[in-house]
Amino acid sequence: MSTQRELTYLEAVRECMSQEMRVNEDVFIMGEDIGLYGGAFGVTRGMIEEFGNERVRNTPISEAAIAGAAVGAAMTGMRPIVELQFSDFITIATDQIVNQAAKNRYMFGGKGKVPLVLRTPSGSGTGAAAQHSQSLEAWMAHIPGLKVIQPSTGYDAKGLLKAAIDDDNPVIFYEHKLLYRTKGYVPEEPYSLPIGKADIKRQGTDVTIVATAIMVHKALQAAVELEKEGISVEIIDPRTLVPLDIETIIESVKKTGRVVVVHEAVKRGGFGGEIASLIAESEAFDYLDAPIKRLGGKSVPIPYNPVLEKAAIPQERDIIQAVKETVFRR
Amino acid sequence: MATAVFMPKLSMTMETGTVIQWFKQEGDHVREGDVLLEVLTDKINIEVESYSTGTLLKIYYGHDQVVPVNHVIGYVGDAGEAVPDLPPSSESNIAKDSTEAQHEQKDQQVSHFAGPITQKIRATPVARRIARENGIELGAVIGSGPNGRVQKADIELAVAAQSKSASSLAPTTAKQTEAANRRVKLDGMRKVIAERMAASAYTAPHVTLTTEADMSRVVEVRSTLLPTIEKMTGARLSYTEIIVKAVASALARHSNVNVSLKEDVIEHHESVNIGLAVAVTNGLVVPVLKQADRKGLAELTVESKRLASLAREGRLLPDDMHGGTFTISNLGMYAIDTFTPIINQPESAILGVGRIHEKPVGVAGQIVLRPMMSLSLSFDHRVMDGAPAAAFLQEIKELLEEPYQLLA
């Protein structure tokens, strides 16, 4: 098709929610200021006009109450979508998410389902400082019973959000703040992408970069630079951390023999460690021709100062450097 | 308390040393001053002595291992005393809590006298797998990765070489032929020479001037002085010393040649220190005859014989090679007439000396045979120009043609 329709990431998320709400009466949204105001980042702007304040519900400022109400609604047959203004606020909703949402289906022997989607913006880059800029996805990925999704493009966001809404289990859906304004091809008709299927964002032969969220884009830029120096980079975007499509990563590492894992979250205890370990445990080990390299944020709260904020997380040049160290040849 | 044996720092520029051999084994008794091991620096082999008396408790690095200076390479102490299994990374690690040491003592005793140390081979998993599948011994492959880590590409070369030798009757491809070539890692002296020569050739615009000197008088001088000097010193005067003397005298008069370029400063040297390029196994060293312009031929003979023999035995000390202001490279023992020597940076010129052989030359309207010797002066055009360099070379030629001036 010659004229592919382009949408921003933000519009892709909104379009998915609207399309699902049109076809399924059980789907509704709740969160702080998501009604007339349209949400902290404007994702739900205009939705209250179409769906009314019963289905686009403004809530009090209590993440614990929002999450708790959503878990209850989900267990009674609704399909709630919760918007938390900043993913940092998950800390307040942690008991409801970790102790209730994640475990109820298991503890009720499968008789209770929790078809809940918790959408929340994460990441730095907006000058929102230490309490509004974190990447805490590894915390949620650690909890059995939660699915964790981190789409890097509008196309992936729309397809994966539909899959999340259709899923009978609680899903934490991380949207990177800086990706909201990025544009790309997004089909108009509803479609679903499988949860647990990685995407090869770029083909290459010398080194595999496993990157999540905004790091996918930084890695793609780095790959263009590295290509000029004759280094061919393959980029895998897992898209969903839980379940993780480790097979696609392993196949890529078997092909390239080298791997750099990049995420914005603090490197220590980050999800990159999990990916690195899975690779090392797999049959890809015997194909490794260099140590697995991890690149992540520094162990500091995200600074308010924009220069320091940038310095705290991996940038394109850091990725280039890491790849060069990994493809070391004399 | 065990005393650490350190990789010595033998010159300002030395950063690492390579262990050549240990003369003692773990468990041997050593006395202060005993030679413990031999170490290779950039250019020389040197014997390292023990600073203490006791038992050699631990050897951390074996043959061919490269160790940064001031790193612990072993321990000497009381028999059975506890020392770390792995070399401490810095001096601070040496101090060990005594109770901790006692706890460790039992384990240590087992490993202390475990016999010859084995060097752990660094190789990537894929290199290990391909080596295993092809029956290649990892230790026999030179690693191109960090710290000599064997990588996939190294093993693939080895596999190709193996299949080449295994099926020498099979038609060979160009790649196999190439892969079968013997590969020797560029390191130690060879590496230093490679780096320095390349750096000199790339940074200094070299111009080489050549001329010939009639060596008739030098031949006379040598044969006259040889018995005297041999009687005085026991060393035989050679043409080299006379050439050194002539060059040193010329340099003293042409101070514009006795200079070094250091960044944007031209440094004029007070002393005339002549480096003599000496071929040794695997390479080349340049011991330095200090203050050569102030020494007589007898003194130069003794000194150059001493340095040459130390050079051949690989026992030159860093100080013997330090401070040169000008280098002479003599290929006179080969059938070489002229060549273009590369300047030994940071010096600014180098003299290449060819063979002495009889050639027909014109003298006062007659063609006569004379022992002629070619002189090739390479100079750094950044610091001097052709005319002064030519004047300097001419001075050398004239001194060699009238060598009695040197005795003045």
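Summary of the structure given here. Here the structure is a predicted model, which means the values were calculated and not measured. (Residues numbered from 1 in each chain as written. Chains lettered and ligands numbered in written order. Predicted model: local features only at pLDDT ≥ 70, side-chain atom pairs only at ≥ 80, totals over all residues. Heavy atoms only, no water.)

**Thoughts on the interface of chain B and chain A**
If you look at the interface, chain B gives 14 residues, while chain A gives 11 residues. The contact between chain B and chain A buries some 990 Å² in all, and 47% of this surface belongs to carbon and sulfur atoms. Contact with chain A buries surface across chain B, with Pro125, Arg129 and Gln151 of chain B losing the most and accounting together for 42% of the total. In this structure, the connection of chain B to chain A is made through one salt bridge. Among the salt bridges present, the one from Asp286 of chain A reaches Arg132 of chain B, with a minimum N-O distance of 4.0 Å. Where the side of chain B that touches chain A is concerned, the elements lending two or more residues are helix H2 (125-134) and helix H3 (152-166) of chain B. A per-element tally of the side of chain B that touches chain A places H2 of chain B first, with four residues. (Contact = heavy atoms within 4.5 Å. Buried area = accessible area lost by both parts, 1.4 Å probe. Salt bridge = Lys/Arg side-chain N within 4 Å of Asp/Glu carboxyl O. Helix = DSSP H or I, 4+ residues; strand = E, 2+ residues; numbered from the N terminus.)

**Focus: the pattern of salt bridges**
Applying the stated criterion to the full structure yields 41 salt bridges over all chains. For Asp168 of chain A, the salt bridge goes to Lys113 of chain A, with nearest N and O atoms at 3.7 Å. Taken together, the positions of Asp168 of chain A in the loop between helix H7 (154-166) and strand S7 (171-176) and Lys113 of chain A in the loop between helix H5 (104-107) and strand S5 (117-122) put the pair 55 residues apart, joining distant regions of the chain. Overall, Asp168 of chain A belongs to the partly exposed group, its relative accessible area being 22%. Put simply, Glu212 of chain B and Lys359 of chain B hold a salt bridge, and the shortest N to O gap is 2.4 Å. Taken together, the residues span a long stretch of sequence, with Glu212 of chain B in strand S9 (residues 206-214) and Lys359 of chain B in strand S17 (residues 349-363) at a distance of 147 residues. By sharing partners, the salt bridges in this structure join Asp156, Asp199, Lys201, Asp237 and Arg239 of chain A into a single network. (Buried < 20%, exposed > 50% of the residue type's maximum accessible area, 1.4 Å probe, protein only.)

**A short note on helix H8 (residues 214-228) of chain A**
All names here are of chain A. The terminal C-alpha atoms of H8, which comprises 15 residues, lie 22 Å apart, in line with the 21 Å expected from a rise of 1.5 Å per residue. Residues of H8 that are buried: Ile214, Met215, Val216, Lys218, Ala219, Ala222, Ala223 and Leu226. Contact partners of the buried residues in H8: S7, strand S9 (199-202), strand S10 (207-211), strand S11 (233-237), strand S13 (259-266) and helix H12 (316-326). Note on H8: the residue one or two positions beyond its end, Gly230, has a positive phi of about 85°. (Expected span 1.5 Å × (residues − 1).)

**What to know about the packing of helix H1 (residues 9-23) of chain A against H7 of chain A**
Residue and element names in this part refer to chain A. At a minimum axis distance of 8 Å, the contact between H1 and H7 shows a crossing angle of 30°. Our classification of the angle between H1 and H7 gives roughly parallel. Crossing hand, H1 versus H7: right-handed. For the pair H1 and H7, the contacting residues are Tyr9, Ala12, Val13, Glu15, Cys16, Met17, Gln19 and Glu20 in the first and Gly154, Ala157, Lys158, Leu161, Lys162, Ile165 and Asp166 in the second. Residue classes in the contact of H1 with H7 are distributed as eight nonpolar, two polar and five charged. (Axes fitted to C-alpha atoms, helices over the stretch in contact; angles between N-to-C directions. Parallel < 35°, antiparallel > 145°, perpendicular 65-115°, else oblique. Left-handed = near helix turned anticlockwise from the far one by under 90°. Nonpolar A, V, L, I, M, F, W, Y, C, P; charged D, E, K, R; others polar.)

**With respect to the sheet that holds strand S2 (residues 16-22) of chain B**
Residue and element names in this part refer to chain B. The sheet built from four strands is open, its strands ordered S5-S4-S2-S7 with antiparallel pairing. Pairing within the sheet leaves two strands with one partner each, and these edge strands are strand S5 (45-49) and strand S7 (66-68). Adjacent strand axes in the sheet meet at a mean angle of 40°, parallel and antiparallel pairs treated alike. Taken together, the three bridges between S2 and S7 define a ladder with antiparallel strand orientation. Considered in S7, the bridge of Thr16 is made with Pro68. (Pairing = 2+ DSSP bridges.)

**Regarding the side chain of Asn169 of chain A**
Residues and elements named next belong to chain A. Of note, Asn169 is situated in the loop between H7 and S7. Owing to a relative accessible area of 18%, Asn169 belongs among the buried residues under this scheme. Setting aside anything within four residues of it in sequence, one finds Asn169 in contact with Arg105, Val114, Pro115, Leu116 and Lys147.

**A short note on the environment of Ile193 of chain B**
Residues and elements named next belong to chain B. Position of Ile193 among the secondary structure elements: in helix H5 (residues 188-203). Separated by 91 residues in sequence, Ile193 and Leu284 place their C-alpha atoms 7.7 Å apart. Other than its neighbours up to four places away in sequence, Ile193 contacts Gly283 and Leu284.

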